[in-house]
Amino acid sequence: MKNTVKVKGVTIGEGMPKICVPMVGNTLSNLLEEATYLNTLDADLVEWRVDFFEDVLELDKVKEALNKIHALLHNKPLIFTFRSAKEGGEREISSEYYVSLNIEAVKTGLVDLIDVELFSNENDVKTLVEKAHQYGVYVIISNHDFHQTPPKEEIVSRLRKAQDLSGDIPKIAVMPRNTADVLTLLDATNTMKEQYATRPIITMSMAGEGVISRLAGEVFGSALTFGAAKKASAPGQVAVDELRQVLNLLHKSL
């Protein structure tokens, strides 16, 4: 039986894939407006993509924003994510600041999960996992390939490495060049689920061709999918209300 991740009444890895909506505001006022709007959507979790935030290099302002976002989101689980430019994010920061930023977020007690990039320095990954778990925060260990879809064996290998590094939820997102690439991602997801996963996993094929992977997670083994509010944070994200309808339809058929 695959372990689940339970946070604020949301069980990831059980039943329908959970819907997460990213916040991508670049100013505090934009973020607060976004958080207020997200409360009207049928989403299960919220991800703050802090790499979009113009004051991300000032820890005090990051913590101030976290306080205000948390107050608005009430009981929705919050993922704290700095996505590096090399993995599709808005900017690069030093590895030292990446570690500090995530540790400070964990220590606030205001985030439920952090996203740590698999291809960060391995010691940094281990440090962040240990610190997060010390404070009762879950860790998504992620990899994003915006250029291609690696072979099935490589996708499975990366997910297994994230699991071996004690990530609570291994995640991979890849870019398809054709429909065969989408099938590769789905096949890798199913193999990981059936043979190796001891915890929930998140997988997706991006862009238009990959949309099916965002919808069919319950069939192939992906436990969470990302839906768009007003602005998508990655290519191929579907609006939350449409996403919920399709997930419900598939769930009833299984």
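Treat the numbers as computed from the prediction; the structure is a model and nothing was measured.

In terms of helices and strands, the chain carries 9 helices and 11 strands. Referenced to the eigenvectors of the C-alpha coordinate spread, the extents of the chain come out at roughly 45 × 40 × 35 Å. When each of the 254 residues of the chain is scored for burial, the buried share is 55%.

According to UniProt, the feature "binding site: 3-dehydroquinate" (unreviewed entry) maps to Glu-47, Trp-48, Arg-49, Arg-83, Arg-214, Ser-233 and Gln-237 in the numbering used here. Residue Gln-237 is classed as buried on the basis of its relative accessible area, which comes to 13%.

Summarizing the sequence annotation, UniProt attributes the feature "active site" (unreviewed entry) to His-144 and Lys-171 in the numbering used throughout. Taking the farthest pair of C-alpha atoms as the criterion, the annotated set spanning 28 residues converges on one region, since that pair is 8.4 Å apart. Exposure remark for His-144: the relative accessible area of 8% places this residue in the buried category. Setting aside anything within four residues of it in sequence, one finds His-144 in contact with Arg-83, Glu-87, Lys-171 and Ala-173. Summarising the element assignment, Lys-171 is placed in strand β8 (residues 169-174). Assessed through its relative accessible area of 7%, Lys-171 is described here as buried. Those residues in contact with Lys-171 that sit more than four places away from it in its chain are Arg-83, Asp-115, Ile-140, Ile-141, Ser-142, Asn-143, His-144, Leu-159, Ile-202, Met-204 and Phe-226.

Right, let's get into unusual backbone geometry. Phi angles above zero are rare outside glycine, and Lys-8 is one such case at about 50°. Looking at the element boundaries, Lys-8 is found in the loop between β1 (5-7) and β2 (10-12). Judged by its relative accessible area of 36%, Lys-8 is partly exposed. In this model, Ala-207 sits at a positive phi of 65°, which is unusual for a non-glycine residue. Assignment of secondary structure puts Ala-207 in the loop between β9 (202-205) and α7 (211-215).

Another point: the pairing of strand β5 (residues 78-81). By the alternation rule, side chains of β5 split into Leu-78 and Phe-80 and Ile-79 and Thr-81, which are all buried. As paired elements, strand β4 (residues 45-49) and β5 share 4 bridges and run parallel to each other. By the bridge assignment, Arg-49 is partnered in β5 with Thr-81. Crossover connection from β4 via helix α2 (residues 59-73) to parallel β5: handedness right-handed.

The next point concerns the packing of aromatic side chains. Taken as a whole and assessed by the stated rule, the structure comprises 3 aromatic pairs. Ring plane angle 80° and centroid distance 5.8 Å describe the contact between Trp-48 and Phe-80, whose orientation is recorded as edge-to-face. Separated by 32 residues along the polypeptide, Trp-48 in strand β4 and Phe-80 in strand β5 bring together distant segments of the chain. Residue classification places Trp-48 among the buried residues on the basis of a relative accessible area of 0%. Exposure remark for Phe-80: the relative accessible area of 0% places this residue in the buried category. Here the basic side chain of Arg-160 rests over the ring of Tyr-196, its NZ or CZ set 3.9 Å away from the ring centre.

Conventions used here
- Residues numbered from 1 in each chain as written.
- Predicted model: local features only at pLDDT ≥ 70, side-chain atom pairs only at ≥ 80, totals over all residues.
- Heavy atoms only, no water.
- Helix = DSSP H or I, 4+ residues; strand = E, 2+ residues; numbered from the N terminus.
- Buried < 20%, exposed > 50% of the residue type's maximum accessible area, 1.4 Å probe, protein only.
- UniProt positions renumbered as here; feature names shortened; annotations may be inferred.
- Contact = heavy atoms within 4.5 Å.
- Pairing = 2+ DSSP bridges.
- Right-handed = clockwise from strand over helix to strand, strands pointing away.
- Phe/Tyr/Trp six-rings, centres within 6.5 Å; stacked < 30°, edge-to-face > 60°.
- Lys NZ or Arg CZ within 6 Å of the ring centre and 35° of its normal.

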